[in-house]
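This is what each chain is made of:
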Amino acid sequence: MADTESTVVTHPKAQLRSVEDHLSLLLKAAVRPRPVRVAISEAQGLLCAEEVVAEQALPGFDQAAVDGYAVRSVDIRTANEEPVEMPVVGEIPAGSRQPRRLQPGQAVRVNTGAPLPTLADAVVPISDTDGGTAKVTVHRAVPSHGYVRRAGEDVQVGDVAVRKGDTIGPAQVGLLAAVGRSKVLVHPRPRVSIISVGDELVDIDRTPAVGQVYDVNSYALAAAARDAGAEVSRVGIVPLDPKRLREIVEGRLLMSEVIVVAGGAGGSIGEEVQAALADLGDIDTTRVAMHPGSTQAFGRLGPDAVPTFLIPANPMSALVVFEVMVRPLIRAARGTRYPHRRVVEARLLSPITSTYGRRGYLRGQLLRDESNGEYLVQPLGTAGAHLLTSLAEANCLIQVDEELTEVAAGEQVKVAFLAQRA
């Protein structure tokens, strides 16, 4: 294996569809659920589907930003040179609705959040006074509007409080509440149904007999879909019975924006699956220039043209295909502006090999050199498509160009984040 430079092979490529071309076709098929109005307590993590315009100012009135004394700033302008003594003519707690008027030379005790009395334009923090109750001595001058939350300072009437397309997080929920919105129009999570096909499969609460294996795909892919932001229905195992499979998929078309069938691509089983679903819509069977998971099928099934993926049965390949192909479509269906994972350049710590003519997706551990901030990546496992354990340890996928078969240690490669901790 070369250890000084990447190796490029120049023999002709097989006729495969490029990753970019296939992704382009898929993303055009994304079905975005219709916006729904939900309580703001249920909106977290969803994309806002409207411009939320404030119908009232925030704050709605001038209020104290600290516990202290409401005063006219002009009355304490000399306090830095000589303390100013003032009568305390009352107290205003937070939430008070009783109007008060301040006379020149007077102070009113206020709590944080309390409305300021008329004529008051500043609040003196308690720490800058002697804390008196009948009279107060002020030791420091405060400018006009000092320690005051002014009406409309945060949001004014007519301002956009939350923008269309924004992800609603804790701050947005708080802002919606602050401007008096109990409900908001959002794009709901796309509904994704996950199906595993295979007579050899058993659920994890049973003991496999000879020749049987646990159903890994429906659990792993359901978790991946949930991580992508979907509302997931794990249908589980469906026997390879054409009539039964067709009935189940047809039923899921009524309640899904995306369907994923693991075990429906490649070989005689893939042909049976595709034949069973053929009258629900056209299915494009193709080989994509990627490894693992080259053999894939995709269709837009049913009257609503629901995107339906038929992906490999091998759990490692299924997860990689999901990551590269299915996840971006789910993100697009959510309305995410950029549906792809973040990609960075990293220096390779060990040499790798890949298959000519196919973009390689290899498991890796992405690191950061604290001395210079450079990204480093350590390949995990071997090129075997069956090694699920190495994917569990990975926090990135190393992308190897189609023209390369070898990349030496020390060279730069593209890596896509799988986890935000990297």
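Rules used throughout
- Residues numbered from 1 in each chain as written.
- Predicted model: local features only at pLDDT ≥ 70, side-chain atom pairs only at ≥ 80, totals over all residues.
- Heavy atoms only, no water.
- UniProt positions renumbered as here; feature names shortened; annotations may be inferred.
- Helix = DSSP H or I, 4+ residues; strand = E, 2+ residues; numbered from the N terminus.
- Pairing = 2+ DSSP bridges.
- Axes fitted to C-alpha atoms, helices over the stretch in contact; angles between N-to-C directions.
- Phe/Tyr/Trp six-rings, centres within 6.5 Å; stacked < 30°, edge-to-face > 60°.
- Buried < 20%, exposed > 50% of the residue type's maximum accessible area, 1.4 Å probe, protein only.
- Lys NZ or Arg CZ within 6 Å of the ring centre and 35° of its normal.
- Domains from an automatic or database assignment.
- Patch = residues over 30% accessible without salt bridge, like charges linked within 9 Å, V, L, I, M, F, W, Y side chains within 5 Å.
- Areas by Shrake-Rupley, 256 points an atom, 1.4 Å probe, with all protein chains shown as cover.
- Salt bridge = Lys/Arg side-chain N within 4 Å of Asp/Glu carboxyl O.

Student: Looking at this structure, I do not really get the UniProt feature "domain: MoaB/Mog" (unreviewed entry) in the protein chain. What am I missing?
Tutor: This chain's UniProt record puts "domain: MoaB/Mog" (unreviewed entry) on residues 193-332. The annotated region residues 193-332 carries 37% helix and 30% strand content, and the separation between its end C-alpha atoms amounts to 17 Å.

Student: What is the right way to read the sheet that holds strand E10 (residues 135-138) from this model?
Tutor: Picture the strands of a sheet paired through backbone hydrogen bonds; they go either parallel or antiparallel. Reading across the sheet, the five strands line up as E9-E6-E8-E7-E10 and stay open at both edges, with mixed pairing between neighbours. Each edge of the sheet is formed by a strand with only one pairing partner; in this case those strands are strand E9 (122-125) and E10. Taken pair by pair, the neighbouring strands of this sheet meet at an average axis angle of 45°, ignoring direction.

Student: I keep staring at the sheet that holds strand E14 (residues 191-197) and nothing clicks. Help me out?
Tutor: Overall, mixed pairing links the six strands, which are arranged E17-E14-E18-E22-E21-E19 in an open sheet. Looking along the sheet, the strands with just one partner apiece sit at the ends: strand E17 (231-238) and strand E19 (283-287). Averaged over all neighbouring strand pairs, the angle between strand axes comes to 15°, with direction disregarded.

Student: Quick question: what am I supposed to make of the packing of aromatic side chains here?
Tutor: Scanning the model with the defined rule gives two aromatic pairs in all. On the basis of an interplanar angle of 90° and a centroid distance of 6.1 Å, the ring pair of Tyr375 and Phe417 is categorised as edge-to-face. Pair noted here: Tyr375 is in strand E26 (residues 375-379) and Phe417 is in strand E29 (residues 412-417), with a separation of 42 residues, a long-range link. Both residues of the pair, Tyr375 and Phe417, count as buried. A cation sits over an aromatic face here: Arg234 above Tyr219, 3.9 Å from the ring centre.

Student: Explain the domain arrangement of the protein chain here, please?
Tutor: How big an interface is tends to be stated in terms of accessible area lost as the parts join. Domain annotation of the protein chain identifies domain 1 (19-33 + 189-334), domain 2 (43-58 + 155-187), domain 3 (63-149) and domain 4 (343-417). Placing a centre on the C-alpha atoms of domain 1 and another on those of domain 3 gives a separation of 67 Å.

Student: What's the story with a nonpolar patch on the surface in this structure? I'm lost.
Tutor: Together, Ile204, Tyr214 and Val216 give the surface a local cluster of nonpolar side chains, amounting to about 260 Å² of exposed area. Mapped onto the elements of the fold, Tyr214 is located in strand E16 (residues 213-214).

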